[in-house]
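Working through the structure, step by step
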Amino acid sequence: MKLTVIYWSGTGNTEEMADLIADGARDAGSEVEVKSVDEADPRDVGACDVLALGCPSMGDEVLEEDEFEPYVASIENAIKGKKMALFGSYGWGDGQWMRDWVQRMRDAGAELLADGLIVNEAPVGDDIERCKSLGRLLAAE
Ligand SMILES: Cc1cc2nc3c(=O)[nH]c(=O)nc-3n(C[C@H](O)[C@H](O)[C@H](O)COP(=O)(O)O)c2cc1C
């Protein structure tokens, strides 16, 4: 089983989540590749069994617009039936960006394996286990 984790992170919080999810998946025996979105290619979608995408809430409850949004748009036609999970960090909002993103990926036909995982700012305390646990869940696919 190969998990690919692709993320954007401005101040490192979503990157920490990506690394924790990867740790959980590796501990459960999965092969894992973690990439910042600037290193990602649309072909990465087809080259893994499960795809985890991570992006914080930016703008006004939207995905980061310069790199991550174009990447998501570039794969939207290729994710029908894809096993996926979404995650990201947020600040002052109520998680609307994640609800919108989950709906968008479902509308594109993705099979979301878990609720979108959101963490307020940096992962601390229980957040760490929530991230690792998502990794283990994805590794079980
Ligand atoms: C330009 C900008 C816009 C943001 N917009 C939102 C927002 O609409 N809602 C929210 O909850 N947090 C917002 N945030 C807060 C970030 O989502 C939060 O700080 C998050 O932890 C950043 O994750 P990162 O360290 O992975 O970049 C914004 C932050 C920045 C810098």
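1. Digging into the packing of aromatic side chains
- Applying the stated criterion across every chain, the model contains two aromatic pairs.
- Geometrically, the ring pair formed by phenylalanine 68 and tryptophan 101 is edge-to-face, given 5.6 Å between the ring centres and 90 degrees between the ring planes. On the criterion of sequence distance, the pair formed by phenylalanine 68 in helix H2 (residues 68–75) and tryptophan 101 in helix H3 (residues 96–107) is long-range, its members being 33 residues apart. Each member of the pair, phenylalanine 68 as well as tryptophan 101, carries the same accessibility label: buried.
- Ring geometry for tyrosine 90 and tryptophan 97: centres 6.1 Å apart, planes at 40 degrees, overall tilted.
- Residue tryptophan 97 is classed as buried on the basis of its relative accessible area of 2%.

2. Describing the pattern of salt bridges
- Applying the stated rule across the entire model yields nine salt bridges.
- Between glutamate 141 and lysine 83 there is a salt bridge, with its nearest N and O atoms 3.0 Å apart. One end of the pair, glutamate 141, is in the segment after helix H4 (126–139); the other, lysine 83, is in strand S4 (residues 83–90), and 58 residues separate them in sequence.
- By relative accessible area, which is 40% here, glutamate 141 ends up partly exposed.
- Judged by relative accessible area, lysine 83 falls into the partly exposed class, the value being 29%.
- A salt bridge links arginine 136 to glutamate 129, with the shortest nitrogen-to-oxygen separation between them at 2.5 Å.
- Arginine 136 sits in the partly exposed class, given a relative accessible area of 35%.
- In this structure glutamate 129 comes out as partly exposed when scored by relative accessible area, which is 40%.
- One continuous salt-bridge network, built from bridges that share partners, spans Glu69, Glu76 and Arg104.

Rules and cut-offs
Residues numbered from 1 in each chain as written. Predicted model: local features only at pLDDT ≥ 70, side-chain atom pairs only at ≥ 80, totals over all residues. Heavy atoms only, no water. Phe/Tyr/Trp six-rings, centres within 6.5 Å; stacked < 30°, edge-to-face > 60°. Helix = DSSP H or I, 4+ residues; strand = E, 2+ residues; numbered from the N terminus. Buried < 20%, exposed > 50% of the residue type's maximum accessible area, 1.4 Å probe, protein only. Salt bridge = Lys/Arg side-chain N within 4 Å of Asp/Glu carboxyl O.

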